[in-house]
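Observations on the three-dimensional arrangement
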Amino acid sequence: MNKLKKLVMATGLILSLSAFTLNGTTEAATTTHKVQSGDTYWKIASKYGVTVNSLLKANNKTSSLLYAGTNLVIPNSSITAAEKDLMARLVRAEAVGEPYAGKVAVATVILNRVSSPDFPNTVKGVIYERSNGYYAFTPVQNGTINRAADAASKKAVNEALAFKGKGNGSVFFYNPKTAVSKWIYSRPVTVTIGNHRFAK
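Residue indices begin from 1 for each chain and proceed along its sequence in written order. Where local features are concerned, this predicted model is filtered to residues with pLDDT of at least 70; where side-chain atom pairs are given and counted, the filter is 80 or more; whole-chain, interface and lining totals use all residues. Computation of side-chain values covers all heavy atoms of the structure but excludes hydrogens and water.

Look at helix α4 (residues 81-95): 20 Å from first C-alpha to last across 15 residues, which is about the 21 Å you get at 1.5 Å a residue. Three labels apply to residues, based on accessible area from a 1.4 Å probe with only protein chains included: buried if under 20% of the type maximum, exposed if over 50%, partly exposed otherwise in between. Starting at the N terminus, helices and strands are each numbered in turn, a helix being any DSSP run of H or I of at least four residues and a strand any DSSP run of E of at least two. Among the 15 residues that make up α4, 11 are buried, leaving the element largely enclosed by the rest of the structure. Phi turns positive, to about 85 degrees, at Gly 97, one or two residues after α4. Take the number of residues in a helix, subtract one, and multiply by 1.5 Å to get its expected span.

We note that Asn 60 has phi near 50 degrees; this positive angle belongs to a residue other than glycine. The topology assignment puts Asn 60 in the loop between α3 (52-58) and β2 (71-74). When its relative accessible area of 72% is taken as the criterion, Asn 60 is described as exposed. Residue Asn 132 is not a glycine yet carries a positive backbone phi of 55 degrees. Turning to its location among the elements, Asn 132 is positioned in the loop between β3 (130-131) and β4 (134-135). The exposure class assigned to Asn 132 is exposed, which follows from its relative accessible area of 75%.

With that settled, consider the sheet that holds strand β6 (residues 189-193). Taken in spatial order, the 3 strands make up an open sheet running β5-β7-β6, and their pairing is antiparallel. The open sheet is flanked by β5 (172-174) and β6, the only strands paired with a single partner. The average angle at which neighbouring strand axes cross in this sheet is 20 degrees, direction not considered. Each pair of strands is called paired provided DSSP finds at least two bridges between the two strands. Across 4 bridges, β6 lies against strand β7 (residues 196-199) in antiparallel orientation. Paired with Ile 193 across the two strands is His 196, which belongs to β7. Only heavy atoms matter for contacts: two residues are in contact if any of them lie within 4.5 Å across the pair. Axis definition: a line fitted to C-alpha atoms, over the contacting stretch in the case of helices. Angles run 0 to 180 degrees between N-to-C directions. On top of the sheet, helix α5 (residues 100-115) reaches β5, β6 and β7; it is set at about 30 degrees to β7, its chief contact.

Now the structure itself:
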């Protein structure tokens, strides 16, 4: 009986470790997508949170033609699942009540900062950056970043990832009704969406 208990416990432990390992590698594993009627590279890239360029490159494609029924290789995202979640939580906190385009633009600012030599080169580094004793993003200071992201914010992060490398290079955003920094008004405005102005 004692041997049976040990065998059951050992089997359970192995299954638990296997499940943990498989869950940990799901995001890193390359997957495929069966093209459906109406799919575009943009839609597919947005769904999986990868850039359109990396999707084209992974499939050795140079044109935008897609044929229903074919399989596309989905490359690994340059952003981990944890980084996507962190970005989505910041997007929710910063852009609650803003139009969807504004949520995508906030996520794009994060990615643009990661790519800029003037900011930290990781998502976490950008989001938790401090300067002169202040966090770059108010939700980090007041703790609202710790609330779960909503579906729209998660979708906005994936769309921003698909959009990466395109756009007008915004690295700042602010609400002109509440901003107190005179310096931010000196930055060239790239677009206004809802209550936010985006700037370089």
